[in-house]
Amino acid sequence: MAEKTINLHYTIDGNNFTTAGQASSNIKKVLKQLGVYPEAIRKAAISMYEGEINTIIHGKGGEANVAISPETITIVFTDNGPGISDIDKAMQEGFSTATDEARELGFGAGMGLPNMKKYSDSMTIESQVGKGTTVTMIIKLN
Amino acid sequence: MKLKQVSEILHAKVLTKAPWEDLEVQSACGCDLMSDVLAFVKNQALLLTGLVNPQVIRTCEMMDIKTVVFVRGKVPQAPVLELAEDMGITIMTTDFPLYIACGELYKNGLGGRGE
Ligand SMILES: Nc1ncnc2c1ncn2[C@@H]1O[C@H](COP(=O)(O)OP(=O)(O)OP(=O)(O)O)[C@@H](O)[C@H]1O
Ligand SMILES: [Mg+2]
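On a predicted model such as this, the values are computed, not experimentally measured, just so you know.

Engineer: Which residues make up the overall build of chain B, and what values go with them?
Structural biologist: Scanning chain B for helices and strands turns up 5 helices and 5 strands. Listing every helix and strand of chain B by position from the N terminus yields α-β-β-α-β-α-β-α-β-α. Its C-alpha atoms give chain B a radius of gyration of 12 Å, near enough to 13 Å, the size a compact globule of 115 residues would have. Each principal axis of the C-alpha distribution contributes one length, and for chain B these read about 35 × 30 × 25 Å. The burial tally for chain B puts 53% of its 115 residues in the buried class. Excluding contacts between residues fewer than 6 apart, the proportion of contacts in chain B whose partners are at least 24 apart in sequence is 51%. Counting every atom, chain B has about 5300 Å² of accessible surface; 53% of that belongs to carbon and sulfur. Positive and negative side-chain charges in chain B, numbering 11 and 14 respectively, have mean positions lying 2 Å apart.

Now the structure itself:
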C-alpha cells in the first residue's frame, strides 16, 4: 500500500483510439507494484478504463488525475467536450450516444457509467452542456 | 479446460509466441461489446470475439483475461499481437463463427460464468 499519497496525471488524447487505455494500464501497474489487493485493483482498473474511453469517445479528450492514498484511490476525469444534458438518463444501462466509429471498436453499449458506479465506492458527475464534464470516482482500500 | 483442448475443438491457430498449451481457462464469454465484458466477466475466462482492435486487448488486460479467440478467421494486425504478447495474453484464431465456436466449447464442457 502507498504510505503517503501518490498523485498521477495523464493527458488523454481524444483523437487516437489506438493509445486509448494507456493511462488505465499504467494505473493498474502502479497499484500492483504498491501491493494493493487484487479486488481493489480490479475495481480501479475497470472504472478507470471505462472513464478513459468515455473521455476519448464522448469528451473528445481531456485529462485524468489519480490520487492513491493508504485509504483510497481517487480518480478524476475532466474534459472540455459537449457535456451531458441529462445525467440521470446517461446513467441508465443501455443509454448511449456513441458514434459508429466508437461502436466499431466495441463501445456504445451504454454500460460504461453504470459499470463505473458499480465498481467504485462513490461516483459523482458534474457536467455543463457546451463546457465539459468532470467525473470523480473513489475506491476504498480496506 | 486446457488451451490445448480449446485449440483442438476450434481447429484454432495460435498467433502468439509464449507457451500456451498447458494454460487453463475456467469459463468463456462470447462478446463484441467491450463494456459487457467489463461488466460481467469473471476471472480466468476466455474471450471469443469478432473484434480485432487494440481495445480488445486493453479490455482483457483490465479484466485479467489471458486468452482471446478471434472468430471467423480474423487475424489482428501486428501491433495488436505485440500488445497481447506484452500483456502475456494468448491469441488464437478460428474459422468458426462466434455462435458455433461458443457452442462447440460449451458442448465440450467449458461453462459460462465459471459454473
Ligand atoms: N465525458 C462525457 N462527455 C459527454 N457525454 C458523455 C461523457 N460520458 C458519458 N457521456 C454520455 O453518457 C452516455 C452513456 O455513457 P456510458 O459510458 O454509460 O455508455 P457509452 O460510452 O455510450 O457505451 P459503453 O460505455 O457501454 O461503451 C454516453 O453515450 C454519452 O451520451
Ligand atoms: Mg462508456
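Engineer: Pulling in residues and values, what's your account of the pairing of strand β2 (residues 27–30) of chain B?
Structural biologist: Residues and elements named next belong to chain B. Bridge count between β2 and strand β3 (residues 45–49): 4 bridges; the pairing is parallel. When the sheet's bridge partners are listed, Ala28 is paired in β3 with Leu46. Crossover β2 to β3 through helix α2 (residues 34–40) is right-handed.

Engineer: Tell me about the nonpolar core, and please be specific about residues and values.
Structural biologist: Ranked by internal contacts, the top residues of the largest apolar core, which has 63 residues, are A:Met48, A:Ile73 and B:Ile91. Sort the elements by how many residues they give to this core and helix α2 (residues 38–57) of chain A lands first, with 10 residues.

Engineer: Tell me about the pattern of salt bridges, and please be specific about residues and values.
Structural biologist: Residues and elements named next belong to chain B. In total, this model carries 7 salt bridges over all chains according to the counting rule given. In this structure, the salt-bridge partner of Glu8 is Lys4, at a minimum N-O distance of 3.0 Å. Of this pair, Glu8 and Lys4 both sit in helix α1 (residues 3–9), separated by 4 residues, roughly a single helical turn. Accessibility expressed as a relative area gives 37% for Lys4, which makes it partly exposed. For the salt bridge of Lys107 with Glu104, the shortest nitrogen-to-oxygen distance reads 3.3 Å. With Lys107 and Glu104 both in helix α5 (residues 98–107), this residue pair falls 3 residues apart, about one helical turn. You can call Lys107 exposed: its relative accessible area is 62%. Taking relative accessible area as the criterion, Glu104 reaches 22% and is therefore assigned partly exposed.

Engineer: Run through the packing of aromatic side chains, naming residues and quoting values.
Structural biologist: All names here are of chain A. All told, the structure shown has 1 aromatic pair over all chains when counted by the stated rule. Ring geometry for Tyr49 and Phe107: centres 6.3 Å apart, planes at 65°, overall edge-to-face. With Tyr49 in helix α2 and Phe107 in the loop between α4 (100–104) and α5 (112–119), this pair connects stretches of sequence that are 58 residues apart. Residue Tyr49 is classed as buried on the basis of its relative accessible area, which comes to 0%.

Engineer: With reference to specific residues and values, describe the sheet that holds strand β5 (residues 90–93) of chain B.
Structural biologist: Residue and element names in this part refer to chain B. Taken in spatial order, the 5 strands make up an open sheet running β1-β5-β4-β3-β2, and their pairing is mixed. Each having just a single partner strand, β1 (13–14) and β2 make up the two edges of the open sheet. Against the sheet, α5 engages β2 and β3, with an angle of about 155° to β3.

Engineer: How would you summarise the interface of chain B and chain A if you had to cite specific residues and measurements?
Structural biologist: Every contact between the two is made by 22 residues of chain B and, on the other side, 24 residues of chain A. Approximately 1900 Å² of surface area, both sides summed, lies buried where chain B meets chain A, with 52% of it carried by carbon and sulfur atoms. Of all residues in chain B, B:Leu38, B:Gln55 and B:Met62 give up the largest surface area on contact with chain A, accounting jointly for 34% of the area buried on that side. Joining chain B to chain A, the criterion identifies 16 residue pairs in polar contact (both at pLDDT 80 or more). Of all the secondary-structure elements, those providing two or more residues to the side of chain B that touches chain A are α2 and α3 (54–63) of chain B.

Engineer: A description of the side chain of A:Thr136 should follow, citing residues and the corresponding values.
Structural biologist: Residue and element names in this part refer to chain A. Tracing the chain through its elements places Thr136 in strand β5 (residues 132–140). By relative accessible area, Thr136 is classed as buried at 18%. When near neighbours in sequence (up to four residues on either side) are disregarded, Thr136 contacts Thr74, Ile75, Val76, Ser122, Met123 and Thr124.

Engineer: Lay out the environment of A:Gly130 in plain terms, naming residues and giving numbers.
Structural biologist: In this structure, A:Gly130 sits in the loop between β4 (122–128) and β5. Aside from chain neighbours lying at most four places away, what touches A:Gly130 is A:Gly81, A:Pro82 and A:Gly83.

What counts, and where the lines are drawn
Residues numbered from 1 in each chain as written. Chains lettered and ligands numbered in written order. Predicted model: local features only at pLDDT ≥ 70, side-chain atom pairs only at ≥ 80, totals over all residues. Heavy atoms only, no water. Helix = DSSP H or I, 4+ residues; strand = E, 2+ residues; numbered from the N terminus. Rg over C-alpha atoms; globule rule 2.2 N^0.38 Å. Buried < 20%, exposed > 50% of the residue type's maximum accessible area, 1.4 Å probe, protein only. Contact = heavy atoms within 4.5 Å. Areas by Shrake-Rupley, 256 points an atom, 1.4 Å probe, with all protein chains shown as cover. Lys, Arg positive; Asp, Glu negative; His and termini not counted. Charge placed at Lys NZ, Arg CZ, Asp CG, Glu CD. Pairing = 2+ DSSP bridges. Right-handed = clockwise from strand over helix to strand, strands pointing away. Core = buried A, V, L, I, M, F, W, Y, C linked by side-chain atoms within 4.5 Å. Salt bridge = Lys/Arg side-chain N within 4 Å of Asp/Glu carboxyl O. Phe/Tyr/Trp six-rings, centres within 6.5 Å; stacked < 30°, edge-to-face > 60°. Axes fitted to C-alpha atoms, helices over the stretch in contact; angles between N-to-C directions. Buried area = accessible area lost by both parts, 1.4 Å probe. Polar contact = N/O pair within 3.5 Å; in protein donor to acceptor, adjacent residues only side chain to side chain.

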